[in-house]
Amino acid sequence: QVQLVESGGGLVQPGGSLRLSCAASGSISSIYGMGWYRQAPGKQRELVASITTSSGSTRYADSMKGRFTISGDNAKKSVYLQMNSLKPEDTAVYYCNANHWPARQTWGQGTLVTVSS
């Protein structure tokens, strides 16, 4: 089993920054990929960024690329999301995700990010 806990969300003004953290526990050796998703009111959950734990390869949604940076600690299976130049449209619940063997997916509880003046 894998468990995920997110932290770092909160209220920030437009143009501000936040750093989200996700800590994995349990069978962390089985994790091969981690990422961040978000869900705004009335919208489907969407990919923000992901990272492959073995290679460090990353990918981003187009709207976040250049403002957000995903990084990870492979030994601890922790993942971080540095968010800069935040916009009101970034307001959402952000969820940590882990893909692990055998063909399983685990989600964290989510952390709310609110961008407002």
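Residues numbered from 1 in each chain as written. Predicted model: local features only at pLDDT ≥ 70, side-chain atom pairs only at ≥ 80, totals over all residues. Heavy atoms only, no water.

## As for the side chain of threonine 111
Here is the rule we go by: Helix and strand assignments follow DSSP, with helices taken as H or I runs no shorter than four residues and strands as E runs no shorter than two, numbered in order from the N terminus. Burial classification: accessible surface area is computed with a 1.4 Å probe over protein chains only, and a residue below 20% of its type maximum counts as buried, one above 50% as exposed, and the rest as partly exposed. For this analysis, a polar contact is any N or O atom pair within 3.5 Å, provided that within protein one partner can donate a hydrogen and the other can accept it, and provided that sequence-adjacent residues contribute only side-chain to side-chain pairs. Contact criterion: two residues are considered in contact whenever any of their non-hydrogen atoms come within 4.5 Å of each other.
Mapped onto the secondary structure, threonine 111 falls in strand β11 (residues 111-115). Given the relative accessible area of 12%, threonine 111 is considered buried. From its side chain, threonine 111 meets the backbone nitrogen of glycine 9 in a polar contact 3.2 Å long. For threonine 111, the contacting residues outside a window of four places in its chain are Glu6, Ser7, Gly8, Gly9, Leu20, Ala92, Val93 and Tyr94.

## A closer look at the side chain of glutamate 6
Here is the rule we go by: Charge counting treats Lys and Arg as positive and Asp and Glu as negative, with His and both chain ends excluded. Here, a salt bridge means any Lys or Arg side-chain nitrogen found within 4 Å of an Asp or Glu carboxyl oxygen.
Looking at the element boundaries, glutamate 6 is found in strand β1 (residues 2-7). Lacking a salt bridge, the buried glutamate 6 has arginine 45 as its closest oppositely charged neighbour, with an N-O distance of 7.6 Å. A polar contact of 2.7 Å, which involves the side chain of glutamate 6, links it to the backbone nitrogen of cysteine 96. A polar side-chain atom of glutamate 6 sits 2.9 Å from the main-chain amide nitrogen of glycine 110. Setting aside chain neighbours within four positions, we find glutamate 6 in contact with Ser21, Cys22, Trp36, Tyr94, Tyr95, Cys96, Gly108, Gln109, Gly110 and Thr111.

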